[in-house]
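Listed below, chain by chain, are the residues.
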Amino acid sequence: MNERLRFFIVLSIMALSTGCQTLPPADESTSFQRGVVSRDGEAFTFRDCFFSSSQAISDPRGELKRWFRDAPQMLQQVYVELEAQPDPENPQNMLLRDLLLVGSHPRACEFELNGNRYRAAGEKPLWVADIRNEGVRIQPPGRLKRLLFPPVELRLVGDEMIWESSLSVQGGHRMTLRLAAQACFDQYGTRYPYTATLRLNKQQYKGCARKGDLGRRVLPADYLYESDTQSVRLQLKEAGEALLIEGHREQSEFVVTHSEGRWDLLSSGRVMLEVTSEAGIKQLMFFIRNRDGSLTLNGSDTHFEKARLRFKRQ
């Protein structure tokens, strides 16, 4: 594995000045997406990490053009994270609204940082800090053993997010982690959305940072299973809410039922769905995520128990 990819895996798996051109107002179809951007001259296409098909990207502010122009080496495709929506002028295209992260090898699609709210890291010396529900986990420079600081409340000061905590064991440690909403570039030209500063005891380190939980962030969507006698639509929403709509034929009628509840991405990588129908019937289901973005039912306490239904992402 080359050195460039190794550091990107540590940090992941930046905002350049914009022109005067404005974007149309965002609507509810704007979504977080991650994948690979390829360029062909002045044109760009996007391929989602979980799909083989590609879409042309409309980039009215020229963010992708500037990044490729200023990249430290000639590249034809790179990993990206972005906010986008269908282009009002050409719905077959994507309209880029915000370029969150750009750079590194396309293999970065494999790294999701699930369980991390944020990851910060520096290169020289190498250090890592993960913001997680159970606390702030730090890999200090030159040490194999990680430090887990107790959970602390996020403090906001201007454009900075600040976490401060102390640890009484292992000789005692105190840390302050600051993430500023300013573009940050690593030595390979990868652009991140945050600049990071870690103060550990009396030492201070600089680096870049980005959001984690990438698997959880890309899961919200509509998923559909259809057969000759049955249709099941699953809606996973960003706030963790879920809607299951099932239609099936009973004699000469087509019966539709609705169930609402919540979903979660487990540490095992499976998606858990827990919903309750209008009649008060509870259902618990588990899904396996597939490389094409679909979900396969793999465990259920419902009438789907023996089925391995495959829900295609819409």
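Preceding this section is the structure that the text describes.
Residues numbered from 1 in each chain as written. Predicted model: local features only at pLDDT ≥ 70, side-chain atom pairs only at ≥ 80, totals over all residues. Heavy atoms only, no water.

Let us look at the state of the cysteines. Summed over all chains, the structure comprises two disulfides. Covalent S-S linkage joins Cys49 and Cys109, the inter-sulfur distance amounting to 2.0 Å. The sign of the S-S torsion, about -75°, decides the handedness of the disulfide formed by Cys49 and Cys109: left-handed. One end of the pair, Cys49, is in the loop between strand S2 (43–48) and strand S3 (54–58); the other, Cys109, is in the loop between strand S5 (90–102) and strand S6 (118–122), with 60 residues separating them in the sequence. A relative accessible area of 6% means that Cys49 is categorised as buried. Its relative accessible area of 6% is what places Cys109 among the buried residues. Put simply, Cys184 and Cys208 are joined by a disulfide, and their sulfur atoms are 1.9 Å apart. With the S-S bond torsion at -70°, the cross-link from Cys184 to Cys208 turns out left-handed. In this pair, Cys184 is assigned in strand S13 (residues 184–185) and Cys208 in strand S16 (residues 203–211), connecting sequence segments 24 residues apart. Residue Cys184 is classed as buried on the basis of its relative accessible area, which comes to 10%. Counting its disulfide-bonded cysteines in sequence order, the chain shows a connectivity of 1-2, 3-4. (Disulfide = S-S within 2.5 Å. Helix = DSSP H or I, 4+ residues; strand = E, 2+ residues; numbered from the N terminus. Buried < 20%, exposed > 50% of the residue type's maximum accessible area, 1.4 Å probe, protein only.)

Moving on: the pairing of strand S12 (residues 173–180). Here S12 lies mainly inside the structure; six of its eight residues are buried. Sheet topology places S12 next to strand S15 (residues 194–200); six bridges connect them, and they run antiparallel. Bridge pairing in S15 links Met175 to Leu200. (Pairing = 2+ DSSP bridges.)

One pass over the structure, following the stated rule, counts 16 salt bridges. It is possible to trace a salt-bridge network through shared partners that takes in Arg34, Glu112 and Arg289. (Salt bridge = Lys/Arg side-chain N within 4 Å of Asp/Glu carboxyl O.)

The next point concerns the sheet that holds strand S23 (residues 295–300). The antiparallel closed barrel is built from eight strands, whose spatial order is S17-S18-S19-S20-S21-S22-S23-S24. Direction aside, neighbouring strands of the sheet carry axes that sit 30° apart on average. Sheet topology note: the S23/strand S24 (residues 310–313) ladder contains two bridges and is antiparallel. Within S24, the position partnered with Thr296 by the bridge is Arg310. (Axes fitted to C-alpha atoms, helices over the stretch in contact; angles between N-to-C directions.)

This part takes up the side chain of Asp59. In this fold, Asp59 is placed in the loop between S3 and helix H2 (63–70). An unpaired buried charge is present at Asp59: no salt bridge exists, and Arg61, the closest side chain of opposite charge, is 6.2 Å distant. Of note is the side chain of Asp59, whose polar atom sits 2.8 Å from the backbone nitrogen of Leu64. Once residues within four sequence positions are removed from consideration, Asp59 is found in contact with Leu64, Lys65 and Leu96. (Lys, Arg positive; Asp, Glu negative; His and termini not counted. Polar contact = N/O pair within 3.5 Å; in protein donor to acceptor, adjacent residues only side chain to side chain. Contact = heavy atoms within 4.5 Å.)

Where strand S17 (residues 221–226) meets strand S18 (residues 230–236), six bridges bridge the pair, whose relative direction is antiparallel. By the bridge assignment, Tyr225 is partnered in S18 with Val232. Note: S17 against S24, two bridges, orientation antiparallel. The residue bridging Tyr223 from the neighbouring strand is Arg313, located in S24.

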